[in-house]
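For reference, the chains in residue letters:
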Amino acid sequence: MLASWPFLNSRGFEQQGVDTLKVRDAKDVEDAVQAAIASEQPLEIIGNGSKRLIGQPMATNALLDLSSLNAVTSYEPNELIITVQAGAPVADVQSLIDSRNQQFAFEPIDTAPLLGTANQATIGGMIGAGLAGPRRIKAGGARDHLLGAHGVSGFGDSFKAGGRVVKNVTGYDLCKLLAGSWGTLAVMTEVTLKVMPRPESERTLVLRGLDDASANRTMTAALGSPFDVSGAAHVPGSVFHVAATELGDLGSPGEAVTLLRLEGILASVVHRAAALGKLLAPFGAAQVLEDAASATVWSSVRDVVPFAANGALGAWPVWRIVCPPASGGALGERLARDSGGEVIYDWGGGLIWAALPPRPDAQVALVRQRVNAVGGHATLVRGSDELRRNVDVFHPQPAGLAALSERVRQSFDPKNILNRGRMSRNSAT
Amino acid sequence: MSYHQPPMVVVLPDTTEQVSQVLKYCFEQGIKVVPRGSGTSLSGGALPLADAVLLGLGKFKRIREIDFDNRVVVTEPGVTNLAISEAVAHAGYYYAPDPSSQIACSIGGNVAENSGGVHCLKYGMTTNNVLGCEIVLITGEIIRVGGKSAEASGYDLMGIITGSEGLLGVITEVTVRILQKPETARAVMVGFAQVEAAGECVARIIGAGIIPGGMEMMDKPAIHAAEAFVHAGYPLDVEALLIIELDGPGVEVDELIRRVEAIAKGCGSTTVQISASEAERNLFWAGRKAAFPAVGRISPDYLCMDGTIPRGKLPEALARIRDLSAKYDLRVANVFHAGDGNLHPLILFDANKTDEMQRAEAFGADILRVCVELGGVLTGEHGVGIEKRDLMPEMFSDIDLNQQQRLKCAFDAQGLLNPGKVFPTLHRCAELGRMHVHAGKLAFPELPRF
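Rules behind the numbers
- Residues numbered from 1 in each chain as written.
- Chains lettered and ligands numbered in written order.
- Predicted model: local features only at pLDDT ≥ 70, side-chain atom pairs only at ≥ 80, totals over all residues.
- Heavy atoms only, no water.
- Helix = DSSP H or I, 4+ residues; strand = E, 2+ residues; numbered from the N terminus.
- Rg over C-alpha atoms; globule rule 2.2 N^0.38 Å.
- Buried < 20%, exposed > 50% of the residue type's maximum accessible area, 1.4 Å probe, protein only.
- Contact = heavy atoms within 4.5 Å.
- Areas by Shrake-Rupley, 256 points an atom, 1.4 Å probe, with all protein chains shown as cover.
- Lys, Arg positive; Asp, Glu negative; His and termini not counted.
- Charge placed at Lys NZ, Arg CZ, Asp CG, Glu CD.
- Buried area = accessible area lost by both parts, 1.4 Å probe.
- Salt bridge = Lys/Arg side-chain N within 4 Å of Asp/Glu carboxyl O.
- Pairing = 2+ DSSP bridges.
- Axes fitted to C-alpha atoms, helices over the stretch in contact; angles between N-to-C directions.
- Polar contact = N/O pair within 3.5 Å; in protein donor to acceptor, adjacent residues only side chain to side chain.
- Domains from an automatic or database assignment.

From N to C terminus, chain A includes 15 helices and 19 strands. Taken against the 2.2 N^0.38 rule, which gives 22 Å for 429 residues, the C-alpha radius of gyration of chain A at 22 Å falls within 12% of a compact globule. The principal-axis extents of the C-alpha atoms in chain A amount to approximately 70 × 50 × 40 Å. Residues classed as buried in chain A amount to 64% of the 429 residues present.

Pasting the structure below:
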């Protein structure tokens, strides 16, 4: 394989194994992509490879490894921004901003428990996957926190998108496209992200024993209140029985729990917890979790720990369903019943994690039919290679939208060099 | 800067199907099209062209659905920004982005321009508050993007359509998310003897982890103009005035006001007033919201600029603007969305005097260059339009601009939609699609490059 990359060898590239190109700087990335274009060899782009198991299996010949691009370029807490290279580990960056009482408000998911990988996620993957946690309902997603990016397109061009300020409408907002594009548009080398103050305290109201439909109505009532709910999740009782799992400091409640999170200054969360408890009294009495106990529960919800790869449902394929929040309860309940699977609700019902009993097709037809009926979409986030080869991992789009998306992809990567085939089975060749 | 241009012909469709037919016809005949909502753009984004169809969306003024359970409103694009908030106010909801022109500007135009407003510091711009749209491509093809879900499948096309200034398609329906109004809101008005102290106060508030609902700053000329116009009770002996709004539950607002007051005093504030009633809060805002017309009273003409800089550079930016004011011999009044570093310098001039307009435009362009030099951008919320089109190379390289134009090609390969806006030079899509440069480089891999 070395012979395929003579240009890179001439620059003294570190080539690990037969087909891993470990880049040292943004220039290396440009050279690697240009060489890949010239030799028509598609590249798989990785940081630490923590999310390699998500997406269609790719038709790529070489790995472009960005893990050495791991520097924090600048961090300006008073400007609420951090500029960091794509290969920097998310955990390191999070502990840096945590030391200044700041956080990524979109609460990025750590997919390691779900996928059963030990690899540490990187910033580039965090943005490329764009998987936001429970606070998305209040703070937005990864796309709302990406202010600027430098990257190399499939033309082999180094380009920049956005800027380093929070308010910017200069030109097309290319950052929105890069977030959640799974590395299929450009190789991001450096990103500027918005950081936000970490709330001083938090409270979680826990209601017990609600069925999915009632829980959905409870969450809708909470999210329709002025109490600024920053997390609304529901874990049905059967999850605890079937998955034999625990949920942070709640342990295994043995019955369904509906969770509503409030964050802010102490006086405010205490006031709102009382007011929200009163509002929700018709749905049941609420127990209140404080600060650390609350945080532990939400990190389990965020990372879908009940469906963890090392748990009882570890072998079950997992779907991530996004739908109109008020439709979530009915959708999830029927899907679980008809598939024999288990579901967990987040985003007030707008996000459903569904673990379905293993079948060769992951019950794709059933999932997609139910999800289409409410105007949602479903992504297979955990499944074997074979399964991911046989089903559309990402939700198929109507023809016009799919064609437009493909033209957009081509406008960044006409030769289909970057993560070829990851988002669409049709573009794998 | 006068943006006057009669269009070739105006078309006012009633339905998406008609929009589709008009665009399809124009596409087949190679006729340019300029989409237009209320026409309130401050950058000439909806300016007609002499050889283009002006496609007015004024008849699309029906709210199609209010869905409180999913906290969204589905609306036609000609509905005004404020009308959305008014339609859901009875249930305690509102639509967060609040551009100053909200009484007149249309939601379709807001999406096209990614409009901001005073409260976007805490609640985001249009792009953070829209979930989906129906868009008609120049070919006449009708595409639905997103919907009532928090995010759509595949690439975030909604994100790219928002702020695309009418170059990618014609929006015929928008789904926006609505929020519950905060329980209370109060404003603090703080005066400073030095602009630097006001800038420091902004930085320290943010640094203390407080994200106010709004944080606005005015300099002395702006304060005086506004006070003379609306009598808001602004102190006239200060160099800078901050209006800081805190919203949320009463206990939270009270606590944050205490913290903000302490920070302001620590920065050497000379006056601090806290609104004691809703009427007083509105009065504090009245002067700021009327700043543009107030300046209009003290000058025959003015030019409103819209750059963004890192917050910490506020004092430096102001000093540079002062120097430029002396250089061009034109007065300037400054109002800022200080919380997010968005400057609105108002350059005062008289178009009837020889060369004043040219000087004002050159002054404005220099201010935007300063913004970019200080690490900021050309426009924070008004858009590029035709006004800042020729300044784009100050911020973007040819390669950056080519990538943006390639995206345009994915939507409108013939460049028929809103041509002449945003980009200083237009390239043919076929030209942008080539990779000849790299092929040339790779022919000589052994050559060192520097």
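Let's pick the thread back up.
Attention shifts here to the overall build of chain B. Looking only at helices and strands, chain B features 16 helices and 17 strands. Computed over its C-alpha atoms, the radius of gyration of chain B comes to 23 Å, within 12% of the 22 Å expected for a compact globule of 450 residues. Referenced to the eigenvectors of the C-alpha coordinate spread, the extents of chain B come out at roughly 65 × 60 × 55 Å. Counting over 450 residues, chain B shows a buried share of 59%. Long-range pairs, those at least 24 residues apart, make up 71% of the contacts in chain B with a sequence separation of at least 6. Of the roughly 16,500 Å² of accessible surface on chain B, 54% is carried by carbon and sulfur atoms. Of the charged side chains in chain B, 41 are positive and 54 negative; the average position of the first set lies 1 Å away from that of the second.

With that out of the way, let us pick up the interface of chain B and chain A. Across the contact, 90 residues belong to chain B and 81 residues belong to chain A. Carbon and sulfur atoms make up 59% of the area that chain B and chain A hide from each other, which totals about 7,000 Å². At the junction of chain B and chain A, the tally comes to 8 salt bridges. Notably, a salt bridge pairs R259 of chain B with E200 of chain A, separated by 2.6 Å at the nearest N-O pair.

Time to look at the sheet that holds strand β16 (residues 332-337) of chain B. The strands that make up a sheet are held in pairs by hydrogen bonds between backbone atoms, and each pair lies either parallel or antiparallel. All names here are of chain B. In spatial order, the strands read β14-β11-β13-β12-β16-β17-β15; together these 7 strands make up an open sheet with antiparallel pairing. Of all the strands in the sheet, the pair left with one neighbour each is β14 (269-274) and β15 (301-304). Taken pair by pair, the neighbouring strands of this sheet meet at an average axis angle of 15 degrees, ignoring direction. As paired strands, strand β11 (residues 184-192) and β14 are joined by 5 bridges and run antiparallel to one another. Paired with V188 across the strands is I274, a residue of β14. Helix α7 (residues 220-230) rests against β12 (214-219), β13 (240-248) and β16 of the sheet, and its axis sits at about 95 degrees to β12. On top of the sheet, helix α11 (residues 314-328) reaches β12, β16 and β17 (342-349); it is set at about 160 degrees to β16, its chief contact.

What follows deals with the pattern of salt bridges. Under the criterion given, the structure shown has 60 salt bridges over all chains. The salt bridge involving R24 of chain A is made with D28 of chain A; its shortest N-O contact spans 2.8 Å. Classification of R24 of chain A by relative accessible area gives partly exposed; the value is 41%. On the basis of relative accessibility, which here comes to 0%, the residue D28 of chain A falls in the buried class. Salt-bridge contacts for D247 of chain B lead to K122 of chain B; the nearest nitrogen and oxygen are separated by 2.5 Å.

To continue, consider the sheet that holds strand β10 (residues 186-194) of chain A. Residue and element names in this part refer to chain A. If you walk across this open sheet you meet the 5 strands as β5-β6-β10-β8-β9, and the pairing is antiparallel. For this open sheet the edge positions go to β5 (72-76) and β9 (158-162), each flanked by a neighbour on one side alone. Averaged over all neighbouring strand pairs, the angle between strand axes comes to 15 degrees, with direction disregarded. Relative to strand β8 (residues 146-153), helix α2 (residues 26-39) is tilted by about 45 degrees, and along the sheet it contacts β8, β9 and β10. The strands touched by helix α3 (residues 90-98) within the sheet are β5 and β6 (81-85), with β6 carrying the most contacts at an inclination of about 155 degrees.

Residue and element names in this part refer to chain A. Relative to the helices and strands, Q41 resides in the loop between α2 and β3 (43-46). You can call Q41 buried: its relative accessible area is 9%. A polar contact is formed between the side chain of Q41 and the side chain of N61, at a distance of 3.4 Å.

Taken domain by domain, chain B consists of domain 1 (1-181), domain 2 (184-292), domain 3 (299-387) and domain 4 (398-442). For domain 2 of chain B and domain 4 of chain B, the distance between their C-alpha centroids amounts to 45 Å.

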